[in-house]
Amino acid sequence: MLQKLEKLISSVELKLSTVNDNKELEEVRIEFLGRKGQLPALTSEMRDLTSEERPAAGKALNQTKQKISSLFSEAEGKLSDLKGSDSTSGIDVTLPGRKQNLGSKHPITKIIDECSRVFRRMGFVVADGPEIETVYNNFDALNTPKDHPSRDELDTFYFDDGRLLRTQTSPVQIRIMENNEPPIRIVAPGRCFRRDTPDATHSMNFHQIEGLYIDKDVSLADLKSVLITFAHELFGPDVKIRLRPHFFPFTEPSVEYDFSCIMCKGKGCNVCKNSGWLEIAGAGMVDPEVLQNVGYDPEIWSGFAFGMGIERIAMIKYRVNDIRLLYENDIRFLKQF
Ligand code: PHE
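Residues numbered from 1 in each chain as written. Predicted model: local features only at pLDDT ≥ 70, side-chain atom pairs only at ≥ 80, totals over all residues. Heavy atoms only, no water.

(A) Spatial organisation of the overall build of the protein chain. Across its full length, the protein chain holds eleven helices and nine strands. A compact globule built from 337 residues would reach a C-alpha radius of gyration of about 20 Å, whereas the protein chain, at 41 Å, exceeds it by more than 25%. Oriented by its inertia axes, the alpha-carbon framework of the protein chain measures out at about 130 × 50 × 35 Å. Considering the protein chain as a whole, with its 337 residues, one finds that 42% of them fall into the buried category. Long-range contacts, defined here as pairs at least 24 residues apart, represent 66% of the contacts in the protein chain between residues at least 6 apart. Entry remark: accessible area of the protein chain is about 19600 Å², with carbon and sulfur atoms responsible for 50%. On the protein chain, the mean spot of the 44 positive side-chain charges and the mean spot of the 50 negative ones are 9 Å from each other. (Helix = DSSP H or I, 4+ residues; strand = E, 2+ residues; numbered from the N terminus. Rg over C-alpha atoms; globule rule 2.2 N^0.38 Å. Buried < 20%, exposed > 50% of the residue type's maximum accessible area, 1.4 Å probe, protein only. Contact = heavy atoms within 4.5 Å. Areas by Shrake-Rupley, 256 points an atom, 1.4 Å probe, with all protein chains shown as cover. Lys, Arg positive; Asp, Glu negative; His and termini not counted. Charge placed at Lys NZ, Arg CZ, Asp CG, Glu CD.)

This is the structure:
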């Protein structure tokens, strides 16, 4: 009997060492432990033993049962380890892949990039300036009178030290001219701030792109040709532009310029409020006063400047009807660009 039990253990060991998966393991389990298996068979042989032989055999039988059950749990453990390390059996290759969410550029960044690209092709260099400015650069050097309404605390964010959040990108003109000799040909995209109450067309922070062109004998015709080229590059060859007389402290003469409405092609619709025109921005010939402020001789140098709202262009181009959508960081909105 004892010999039989020992033999049983070693044949269980042998069988288990060849097992590769749960199904095979189950087969071995049935062979030895199942109702008609080898262990129950040996158990019933106990009946044939004499009463002297029985206690020792019973003890050996119990030990054998324990040994076999630990052999099985060992084999089971090995199988699940194997699963974890195996590159195919543990992975369901039929599951759909996990989606990687790729980011994309914000519509405002896209418009800035696109405008910069167009102007660079015309020979403009992209320049930069700080969002926190001096009153001098934002107003004084730009010939803005002390009582100009835009200087009011109700319109402009001031810091305690007297500096401010720039209300326009025009101070970049001053910085560039103070630090460079003419000729100059730059565009400066960037963020600006005004104390506006937010609504569908106003936001307390917004973006502009500034242009500045200084050389000898620059005329309004040069400005116009740059703006026409820009309009055509951005919205196609059918777009017309229109200059209207206006006033800015730092340009003389000053104009506002409009694009013919890209929705209705100038016929009149709700986007252009039936005028056929979309107001784009301000521009003009750099005021001699400004040239003097930066140490350029207005008798030798002349130039033009322009500034336009990036959000305005983004809203026209992407047909967005509320500026606030551009600032809410709503993925459902941003995904579309
Ligand atoms: N800075 C002006 C504005 O914010 C626009 C402008 C720029 C006008 C350059 C003339 C020249 O409205």
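The discussion continues.
(B) Summary view of the site of the ligand. Taken together, 14 residues are adjacent to the ligand, and Gln168, Ser170, Arg194, Gln208 and Gly307 come closest. Taking Ser170, its side chain carries an N or O atom lying 2.9 Å from a nitrogen atom of the ligand. Between the ligand and Arg194 there is a distance of 3.0 Å, counted from an oxygen atom to a side-chain nitrogen or oxygen. Within the complex, 90% of the 320 Å² of free accessible area of the ligand lies under protein. Put simply, the parts of the chain that give the shell around the ligand at least two residues each are strand E5 (205–215), strand E8 (277–286) and strand E9 (302–309). (Near = heavy atom within 4 Å. Polar contact = N/O pair within 3.5 Å; in protein donor to acceptor, adjacent residues only side chain to side chain.)

(C) A look at the domain arrangement of the protein chain. Annotation of the protein chain at the domain level lists domain 1 (2–84) and domain 2 (107–334). Here the C-alpha centroids of domain 1 and domain 2 sit 88 Å apart. (Domains from an automatic or database assignment.)

(D) Summary view of helix H5 (residues 107–121). Across its 15 residues, H5 extends 21 Å between first and last C-alpha, which sits within 8% of the 21 Å expected from 1.5 Å per residue. Here H5 has its buried residues at Pro107, Ile108, Ile111, Ile112, Glu114, Cys115, Ser116, Val118 and Phe119. Just downstream of H5 lies Gly123, where phi reads positive at about 95 degrees. (Expected span 1.5 Å × (residues − 1).)

(E) Representation of the pairing of E5. With ten of eleven residues buried, E5 is to be regarded as a mostly interior element. Note: strand E4 (residues 184–193) against E5, ten bridges, orientation antiparallel. Along E5, the bridge assignment pairs Phe193 with Asn205. For E5 and E9, the ladder comprises eight bridges, and the chain directions are antiparallel. Paired with Tyr213 across the bridge in E9 is Phe304. (Pairing = 2+ DSSP bridges.)

(F) Fine view of the environment of Leu49. Note that Leu49 resides in the loop between helix H3 (38–45) and helix H4 (53–85). Residue Leu49 is classed as buried on the basis of its relative accessible area of 17%. The spatial distance from the C-alpha of Leu49 to the C-alpha of Met1 is 9.0 Å, given a sequence separation of 48 residues. When neighbours within four sequence positions are excluded, Leu49 is seen to be in contact with Met1, Arg54 and Ala57.

(G) Structural context of the environment of Lys267. Secondary-structure assignment places Lys267 in the loop between strand E7 (251–260) and E8. Sequence separation between Lys267 and Val135 is 132 residues; the distance between their C-alpha atoms is 43 Å.

(H) Local environment of the pattern of salt bridges. This model, assessed by the stated rule, comprises 17 salt bridges. Each of Arg242, Arg244, Glu256, Asp258 and Glu279 takes part in a single network of salt bridges with overlapping partners. (Salt bridge = Lys/Arg side-chain N within 4 Å of Asp/Glu carboxyl O.)

(I) Structural view of the sheet that holds E9. Overall, mixed pairing links the seven strands, which are arranged E1-E4-E5-E9-E8-E7-E6 in an open sheet. The strands lining the two open edges of the sheet, one partner per strand, are strand E1 (125–126) and strand E6 (241–248). Along the sheet, helix H8 (residues 220–235) contacts E6, E7, E8 and E9; its crossing angle with E9, the most-contacted strand, is approximately 30 degrees. (Axes fitted to C-alpha atoms, helices over the stretch in contact; angles between N-to-C directions.)

(J) Just the layout of surface pockets, in detail. The volume enclosed by the second largest pocket comes to roughly 240 Å³. Across the lining of the second largest pocket, the residue classes break down as four nonpolar, five polar and three charged. (1 Å grid on protein atoms, 1.4 Å probe; cavity = no way out; pocket = protein on both sides within 12 Å on 5 of 7 lines; lining within 4 Å. Points joined across faces, edges and corners; volume = space filled by probe spheres on them. Nonpolar A, V, L, I, M, F, W, Y, C, P; charged D, E, K, R; others polar.)

(K) Broad picture of the packing of aromatic side chains. All told, the structure shown has 13 aromatic pairs when counted by the stated rule. When the centroid spacing of 6.4 Å and the interplanar angle of 25 degrees are considered together, the rings of Phe304 and Phe306 count as stacked. The class of Phe304 is buried, set by a relative accessible area of 0%. Linked through ring pairs, Phe119, Phe124, Tyr213, Phe230, Phe235, Tyr257, Phe259, Phe304 and Phe306 together constitute an aromatic cluster. (Phe/Tyr/Trp six-rings, centres within 6.5 Å; stacked < 30°, edge-to-face > 60°.)

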